[in-house]
Amino acid sequence: MFPLAIGLGCFIVYFISMPKTLSWGLNDYGIDSPEFLTAAMLSSNPHPPGYPLYSLILRGFIEVAPIGDIAFRGNLLSVLFGSFTASLLYVLIIQSIKLCRDEFSDSWQTNSAALFGVMVFVSCPLVWGTSVVTEVYALNSFFCVVLLLFFINILKTKKQTSEGISHYARGFFLISGFAMANHLTVLAIILPISGYILLIYRRNLLGFVLIAFLSIPGLLFYIYLPIRAIDPHPTSWGDARTIEGLFWMLRGGPYGAYLVPGTQDAISDRVIWGLNTLYAILNPLALAFVASGFFIVWERSKALFFVALISVCLFSSYAIFYRTIDAEVNILPSVLIFAIMSSFGMLYLITSLMAWELVSGVKNRLRGLFGSSQIIPATILAISCLVIFTPATWQFSEISRANNNDPLIRGRELLKSSSQGGIIFLTQEHDVFPTWYVNYVDFSNPHAVPLAIPLLQYKWYWENAVQKAAGVAIPFESDLLTAIEKIYKYSSGSKDVFVIDASIRDQFQTKETGKLYQITGTLIRN
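Below is a short write-up of the structure. (Residues numbered from 1 in each chain as written. Predicted model: local features only at pLDDT ≥ 70, side-chain atom pairs only at ≥ 80, totals over all residues. Heavy atoms only, no water.)

## Things to note about the sheet that holds strand β1 (residues 423-426)
- The strand order across the open sheet formed by five strands is β2-β1-β3-β5-β4, and the pairing between neighbours is mixed. If you trace the sheet from one side to the other, it starts and ends with β2 (449-452) and β4 (508-513), each paired once. When strand polarity is set aside, the average angle formed by the axes of neighbouring strands in this sheet is 35°.
- Here β1 runs beside strand β3 (residues 497-499); their pairing, made up of three bridges, is parallel. (Pairing = 2+ DSSP bridges. Helix = DSSP H or I, 4+ residues; strand = E, 2+ residues; numbered from the N terminus. Axes fitted to C-alpha atoms, helices over the stretch in contact; angles between N-to-C directions.)

Below, the structure written as structure tokens:
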């Protein structure tokens, strides 16, 4: 019952701070929320790699949930997955401690340490902020916990007997397929655990291959990408109808430019960024518990230590060297592992105080006063929790985005500035995604055709969106300004064309219309 109580408590706190409509959330962690909601409602492909499992779950939940608007339901789904993750994380930590320290299987020290680890995770602003907006990360954390639970059971089974491992290995690979259908970065956990299972099956490689094939059912969700690409919506990414187009989606084709250059200065800057980010999202005292936890696990379970360390290194390297606008969210699974390790660190502190001979006299006095000598470790536990979790309560007003509807307002303002059926060229995600959502989901009928300028470089986008917007087969044009001029000429007399970027506005004859600039003439040529 206690894990359920933890999940319920987490749900209440997250729900109170959850935005009640469309929101970018804390630090813009929900910047993709409008796009995910639009893709789910229109059955289109969101940005690579397409997130087919999450899109289907999101659409299903939106259809069955009877409360709030579309964005409210999407946010609520994340809160639910965040709560499930908290409950399972408590179970995972308890089982991990039992694996490493049998003498504390059912003690108050173990339960307290596990609760401490859960609180480290759920109160982390990064975790909290991504668990209250429509995003894939809460579901990704849920899958990470489930995979680690299977791994712990594999270790426990191997510790007791060499037989029966295949039962948990099958479950691990089955869930792995579904986890990858949600977010491919989960490979950072799947690969090291798979490597350990391979070591177990090193004398039976065929058996390993057969159980690894159980990941295929989950991966089949990616077939949904080419299915949705058969009749693409203007908001749909890529052309997954071909093998090349599907591979482009899976490898994150448009994001190659985000890779950090291989220069020493660039790498050093990103490593420093990673360390600063880690320090910002986790209290220094919590990091001390994490470090001591890794040392304890090293002594008790080398397999768990190496899987945890390798996973943290892979997740952190991805966040550091893949310089996206929200790169820190890729550290989330590392925070999950740190929370587990912090539990071991707290358990070590409690048990060390219980066994410390120098305080034996004090403990005897306390036993006489309070009827228990456990008051010292309990007090230390309480003080540690206050130091670590009090800042989270101070930041509640910042973390909470219950009254934030900025993207909804932004999308409506931009569409209001355009004309019925007009073409709007938008540049930034903060403009493109909210306008997509308001135009195609919030409005009963589309008001205009918002086009994303960064996608004009792709031929598939001309077929999916540009030609549909203009109503004619406009030839592809790679030069941005020439492309906008060509679309204006083909649309002239039938559709108004608008831009938002001032640098583009200055290249054309325009007039101001609210938040936009309407193109009234061709390129200004000197």
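## Brief notes about the nonpolar core
- Of all hydrophobic cores here, the largest spans 162 residues; its most connected members are I197, V335, F425, Y437, L451 and Y461.
- Sorting elements by how many residues they give to this core places helix α4 (residues 70-100) first, with 16 residues.
- Among all residues touching L451, those that are not within four sequence positions of it are I423, I424, F425, L426, Y461, A465, V466 and A469. (Core = buried A, V, L, I, M, F, W, Y, C linked by side-chain atoms within 4.5 Å. Buried < 20%, exposed > 50% of the residue type's maximum accessible area, 1.4 Å probe, protein only. Contact = heavy atoms within 4.5 Å.)

## A closer look at the environment of I216
- Topologically, I216 is positioned in helix α11 (residues 216-219).
- Classification of I216 by relative accessible area gives partly exposed; the value is 38%.

## A short note on the packing of helix α15 (residues 284-300) against helix α16 (residues 302-321)
- Interhelical geometry of α15 versus α16 gives an angle of 140° and a closest axis separation of 6 Å. The angle between α15 and α16 places the two elements in the oblique class. In this structure, α15 uses F294, V297, W298, E299 and R300 to contact α16, whose residues at the interface are K302, L304, F305, F306, A308 and L309.
- Residues of the contact of α15 with α16, tallied by class, amount to eight nonpolar, no polar and three charged. (Parallel < 35°, antiparallel > 145°, perpendicular 65-115°, else oblique. Nonpolar A, V, L, I, M, F, W, Y, C, P; charged D, E, K, R; others polar.)

## Side note on the pairing of β4
- Inspection of the sheet shows β4 paired to strand β5 (residues 516-523) by six bridges, in the antiparallel sense. Its bridge partner lying in β5, T510 is registered against I519.
- Connecting β4 to the antiparallel partner β5 that follows it, the hairpin turn spans two residues, and G514 within it adopts a positive phi of roughly 70°.

## So, a nonpolar patch on the surface
- Taken together, the side chains of L206, V209, L210, F213, I216, L220, I223, I227 and I230 present a nonpolar region at the surface, about 870 Å² in accessible area.
- Ranked by residues supplied to the nonpolar patch, first place goes to helix α10 (residues 205-212) with three residues. (Patch = residues over 30% accessible without salt bridge, like charges linked within 9 Å, V, L, I, M, F, W, Y side chains within 5 Å. Areas by Shrake-Rupley, 256 points an atom, 1.4 Å probe, with all protein chains shown as cover. Salt bridge = Lys/Arg side-chain N within 4 Å of Asp/Glu carboxyl O.)

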